[in-house]
Amino acid sequence: CRDNTRDGQGEHRGGRRTSRRRFAGAAVVGVWESVATMGRKRGESSGSSSSSSSSDSSGSDKGRGRGRGEDRDDGRRREDSRSQSRDRDREGSRERDERRSRGKDEDGERERNGGGGAKGKKDDKKPSLMERTKMLPVGKAGGAYIPPFRLKQMQMEMQDKTSPEFQRMTWEALKKSINGLVNKVTKPNISVIVGEIFQENLVRGRGLYCRSIMKAQLASPAFTPIYAALTAVINTKLPENGETLLKRVIMQFRRSYKRNDKPVCTAMVKFIAHLINQQVCHEILGLQLLTVLLEKPTDDSVELAVSFVKEAGNALQQLSPQGLHAIFERFRGVLHEGSIEKRVQYMIEGLFAVRKSNFADFPALEDDLDLVDADDQITHELSLDDQLEPEAGLDIFHVDPQFGEHEEQWASLKRELLGEEEGDDEEDGDDEEEDEDEEETEEKQIEQQEIQDQTETDLVNLRRTIYLTIQSSMQSDEAAHKLLKLQTKPGQEKEMLRMIIECGMQEKSYMKYYGVLAERFCKLKKEWEEGYNDLFAQYYATVHRLETNKLRNVAKMFGHLMHTEAMAWTCLEYIQLNEDDTTSSSRIFIKILFQEISEFIGLPKLKSRMEDPFMAQYYSGLFPRDNPRNTRFAINFFTSIGLGGLTEQLRQHLRDMPKMIMQQQQQEESESSSSSSSSSSSSSSSSSSSSSSSSSSSDSSDSEDEKKKKPPAKKQRRD
């Protein structure tokens, strides 16, 4: 019934197809007839009335009739061939159905025969999982794809752990594991991936690791620093892996450079740069690479060289400054030649700007990727001219006759690398615990010790942060708010105050922005006001070292702080205005300082402040009265700068000075005469006392009676 139904369906479909074809044939015939009529009309309009033309037209009509008959015959032949092919298809489907039915019948008979007797014959046994796996289609890499659950099941069924089949399974598992770990590595989880990748047999999978890391780096060049850091960690434990990878990278660069394959060449150049940053390869390789790229400069080669210097310039500046200087001189020569495009010339100019900033935006190692100490790193000294062997055979599976021994050796090496060795005795374990406790206590003591940075790296970073904060602010209030939020250590506040002054010094002309910012800090805390007082003394003492522009900006800034009452005027005590204690720079500083103050508060108010008796002790250096020479110098100085009104008291003092000198001389003379008269009176009194003592000694009793009777003698008065 099924065959009859199929035949009926086939005939029905065939009938529909035949009707469609007939309709198509009729349409073709109609088209030919229309073409023929158009040809006849053209012939009638263009032909002549001769008999020859009529005979030709009749002949052409007969030819067209024959053409239509031939077309019909061709259509019939095509229909016959198609019907024959349909018949063959129906016969083939009928034979396939018969084979299926016969197979089902044979299976049923086999089951019935096997159910009555033993469990089954050995020939009818179901194939094992390994045999079914061998029948799987072969993949691109030479092996069949095996799902993970089936792979575990196959490994459990395997009895011989050294057989080629088991070795192939472990090889495929190793390849998949290394590829997965390399593709998963990122900056946050690189420390975890390092521990996991050392669980795999990297000695056997050395070629697999190199192939996987190069493929991943070529696919995503942005992750090149991460792949280089992972390679640096593996290179410290297994230097052969790092050397093999470096060889392949160099050979890949050579190949791509010869083929002018820019994407691959760019990726390899970046990889070499970061391997130099991690000190996996020697810096001489980078200098050779730059020399090759700049030997015959083109737009692409110069672009590659610029990108390489940006990536590895920081490391080359530390490891080989002379070599980097030579490379930059070559860049300068290429720029002067002008044989490259403007775009590449701008790239070179940008590279010089990066060098001027000491590669601040392109650090050699990021903090998260600095995983290896410089003492533990192993550097491979390979060059572009060496004859290198890529060891391509490591990427292909080979049967290892000593597979078991090699696996045991890797297991012991892995325990040594990961520090998994444990003591056999309990005493050894106790000793290790005690040692660990001692180490922990020592580490705590070391941490508690105060570390002093003699390189002043923190200070440089703080100054850079303060400078960028000040320059990035639009207003002084915004800058003050940002600077107050900085986490400064005790003792670094003075450095912040100094940076405000130095930022103002760098400007071409004085900007009130910095004066207002310093004023705000002075008014916030008394300690910061005293800090600016100390800075005034320091800058005045070293003012001769400043350029004229910087000197003017500093003087105007301190003048702003003084006329806004942000800083006390007691700082003027550091100034001694005389010819001996001042220089040309210090006199310019004083001139600009007082002109700035008088410009804002006016000369009368400034004069009243200078004549304040409570502050006279602080202004004694500005208005000296100890020596007429110094007084005249101060008067002439203030008069020359247009502030002669401040010197009225000095002028009066200078006029009164002769009278004061005469009075001092008279006082000195009177003091000298009084001292001489006192000395003569003392000598006469001493002589009278000696005579009285002698008379009293001659007759003491009589003198006593006489003294009782006679009154005492009166002293003569001296005029």
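Here the residue numbers are simple positions, counted from 1 along each chain's written sequence. Per-residue local features are limited, in this predicted model, to residues with pLDDT of at least 70; the limit for side-chain atom pairs, both in listing and counting, is 80 or more; totals at the level of whole chains, interfaces and linings are taken over all residues. Only hydrogens and water are set aside when side-chain values are computed; all heavy atoms of the structure are taken into account.

Thoughts on unusual backbone geometry
Then comes step 1: With a phi angle near 60°, Asn-358 is a residue other than glycine that sits in the positive phi range.
Then comes step 2: A run of H or I in DSSP becomes a helix once it reaches four residues, and a run of E becomes a strand once it reaches two; helices and strands are each numbered from the N terminus. Within the fold, Asn-358 resides in the loop between α14 (342-356) and α15 (403-418).
Then comes step 3: Relative accessible area serves as the criterion here: at 51%, Asn-358 is assigned to the exposed category. Residue burial is assigned from relative accessible area. The probe radius is 1.4 Å, only protein chains are included, and a residue is buried under 20% of its type maximum, exposed over 50%, and partly exposed in between.

Looking at the nonpolar core
Then comes step 1: Within this scheme, the nonpolar core is defined by two criteria: the residues are buried Ala, Val, Leu, Ile, Met, Phe, Trp, Tyr or Cys, and they are joined through side-chain atoms within 4.5 Å. Counting residues in hydrophobic clusters, the biggest one holds 79 residues, and the most contacted among them are Tyr-209, Val-302, Phe-308, Val-309 and Phe-331.
Then comes step 2: Among the elements that make up this core, the one with the highest residue count is helix α10 (residues 262-277) (ten residues).
Then comes step 3: Excluding residues within four positions of it along the chain, Tyr-209 makes contact with Ile-178, Val-182, Ile-197, Leu-230, Thr-231, Ile-234 and Asn-241.
Then comes step 4: Among the nonpolar cores identified, the runner-up in size contains 61 residues, and Leu-497, Leu-551, Val-554 and Leu-646 belong to it. Should any heavy atoms of two residues lie within 4.5 Å, those residues are considered in contact.

A look at the side chain of Asn-314
Then comes step 1: Relative to the assigned elements, Asn-314 resides in helix α12 (residues 299-319).
Then comes step 2: With a relative accessible area of 14%, Asn-314 lands in the buried category.
Then comes step 3: Side chain to side chain, Asn-314 and Gln-318 meet in a polar contact 3.4 Å long.
Then comes step 4: Residues contacting Asn-314, with those up to four places away along its chain left out, are Asn-358, Phe-359, Phe-362, Pro-363 and Ala-364. Polar contacts, as counted here, are pairs of nitrogen or oxygen atoms within 3.5 Å of one another; within protein the pair requires one atom able to donate a hydrogen and one able to accept it, and residues that are adjacent in sequence qualify only if both atoms are side-chain atoms.

Points about helix α7 (residues 206-219)
Then comes step 1: Taking 1.5 Å per residue, 14 residues should reach 20 Å; α7 reaches 20 Å between its end C-alpha atoms and fits that length.
Then comes step 2: Along α7, ten of the 14 residues are buried, which leaves the element largely enclosed by surrounding structure.
Then comes step 3: Considering only its buried residues, α7 is in contact with α5 (164-184), α6 (190-197), α8 (224-237), α9 (239-259) and α10. In this scheme, a helix's expected span is set at 1.5 Å multiplied by one less than its residue total.

Some details on the packing of aromatic side chains
Each aromatic ring pair is characterised by the separation of its centres together with the angle its planes make.
Then comes step 1: Two rings belonging to Phe, Tyr or Trp (six-membered ring only in the last case) form a pair when the distance between their centres is within 6.5 Å. Interplanar angles under 30 degrees mark stacking, angles over 60 mark edge-to-face geometry, and anything in between is tilted. Scanning the model with the defined rule gives 15 aromatic pairs in all.
Then comes step 2: Ring centres 5.2 Å apart and planes at 55° place the aromatic pair Phe-521 and Trp-528 in the tilted group. The two residues Phe-521 and Trp-528 agree in class, both being buried.
Then comes step 3: The ring of Phe-328 is capped by Arg-355, whose NZ or CZ atom sits 4.4 Å from the centre of that ring.
Then comes step 4: Across the ring face of Trp-569, the terminal group of Arg-609 is positioned such that the distance to the ring centre comes to 4.2 Å. By the criterion adopted, a ring carries a charge over it if an Arg CZ or a Lys NZ lies within 6 Å of its centre and within 35 degrees of its normal.

Some details on a negative patch on the surface
Then comes step 1: Any residue with relative accessible area above 30% and no salt bridge may belong to a patch, with like charges joined within 9 Å and the nonpolar Val, Leu, Ile, Met, Phe, Trp and Tyr side chains within 5 Å. Method for areas: the Shrake-Rupley scheme with a 1.4 Å probe, in which residue coverage is limited to the protein chains shown. Between Lys or Arg on one side and Asp or Glu on the other, a salt bridge is scored when a side-chain nitrogen of the former is within 4 Å of a carboxyl oxygen of the latter. Charge assignment in this entry is limited to Lys and Arg as positive and Asp and Glu as negative, and neither His nor the chain termini are counted. Every charge is mapped onto a representative atom, which is NZ of Lys, CZ of Arg, CG of Asp or CD of Glu. A surface patch of like charges, here negative, comprises Asp-367, Asp-368, Asp-370, Asp-373, Asp-375 and Asp-376.
Then comes step 2: Locating Asp-376 in the fold gives a position in the loop between α14 and α15.
Then comes step 3: With relative accessibility at 46%, the residue Asp-376 sits in the partly exposed group.

Looking at helix α17 (residues 457-471)
For the α-helix, the turn length of 3.6 residues means that residues three or four positions removed from each other point alike.
Then comes step 1: Helix length check: α17 (15 residues) gives 21 Å between terminal C-alpha atoms against 21 Å at 1.5 Å per residue, within 8%.
Then comes step 2: Of the positions making up α17, those classed as buried are Leu-462, Ile-466, Thr-469 and Ile-470. Buried residues of α17, viewed axially, fall in a sector of 95°; they line one side.
Then comes step 3: Elements in contact with the buried residues of α17: α18 (476-484), α19 (493-505) and α20 (512-524). Directions pointing from the helix axis toward each C-beta atom define the arc.

A closer look at the packing of helix α21 (residues 526-541) against helix α22 (residues 548-563)
Then comes step 1: Put simply, α21 and α22 touch, their axes get as near as 12 Å, and they point 150° apart. If you check the angle between α21 and α22, you find them roughly antiparallel. Judged by the twist between their axes, the crossing of α21 over α22 is left-handed. Here Tyr-532, Leu-535, Phe-536 and Tyr-539 of α21 come into contact with α22, specifically with Val-554, Phe-558 and Leu-561.
Then comes step 2: Just so you know the grouping, Ala, Val, Leu, Ile, Met, Phe, Trp, Tyr, Cys and Pro go in nonpolar, Asp, Glu, Lys and Arg go in charged, and all remaining residues, Gly too, go in polar. Residue classes in the contact of α21 with α22 are distributed as seven nonpolar, no polar and no charged. For helices, the axis comes from a line fit to the C-alpha atoms of the stretch in contact; other axes are also lines fit to C-alpha atoms, and the angle between any two N-to-C directions lies between 0 and 180 degrees. The scheme is simple: roughly parallel for angles under 35 degrees, roughly antiparallel for over 145, roughly perpendicular for 65 to 115, oblique for anything else. Note: crossing handedness is left-handed where the near helix turns anticlockwise from the far helix by less than a right angle, and right-handed where it turns clockwise.

Some thoughts on the pattern of salt bridges
Then comes step 1: In this structure the tally under the stated criterion is 21 salt bridges.
Then comes step 2: Between Glu-502 and Arg-463 there is a salt bridge, with the nearest N and O atoms lying 2.7 Å from each other. Of the two residues, Glu-502 is situated in helix α19 and Arg-463 in helix α17; the sequence distance between them amounts to 39 residues.

Looking at the confidence of the model for the protein
Where the model shows low pLDDT, its predicted coordinates should not be examined in detail.
Then comes step 1: Each residue carries a pLDDT score, the predictor's confidence in it, ranging from 0 to 100. Chain-level statistics for the protein give a pLDDT mean of 76 and a share of 70% at 70 or above.
Then comes step 2: Mean pLDDT values over the elements of the protein span from 42, in helix α27 (residues 700-709), up to 93, in α10.
Then comes step 3: Contacts of residues 115-124 to residues separated by more than four positions or lying in other chains number one contact, the stretch itself having pLDDT below 50.
Then comes step 4: Below pLDDT 50 for its whole length, residues 134-142 participates in nine contacts with residues either more than four positions away or in separate chains.

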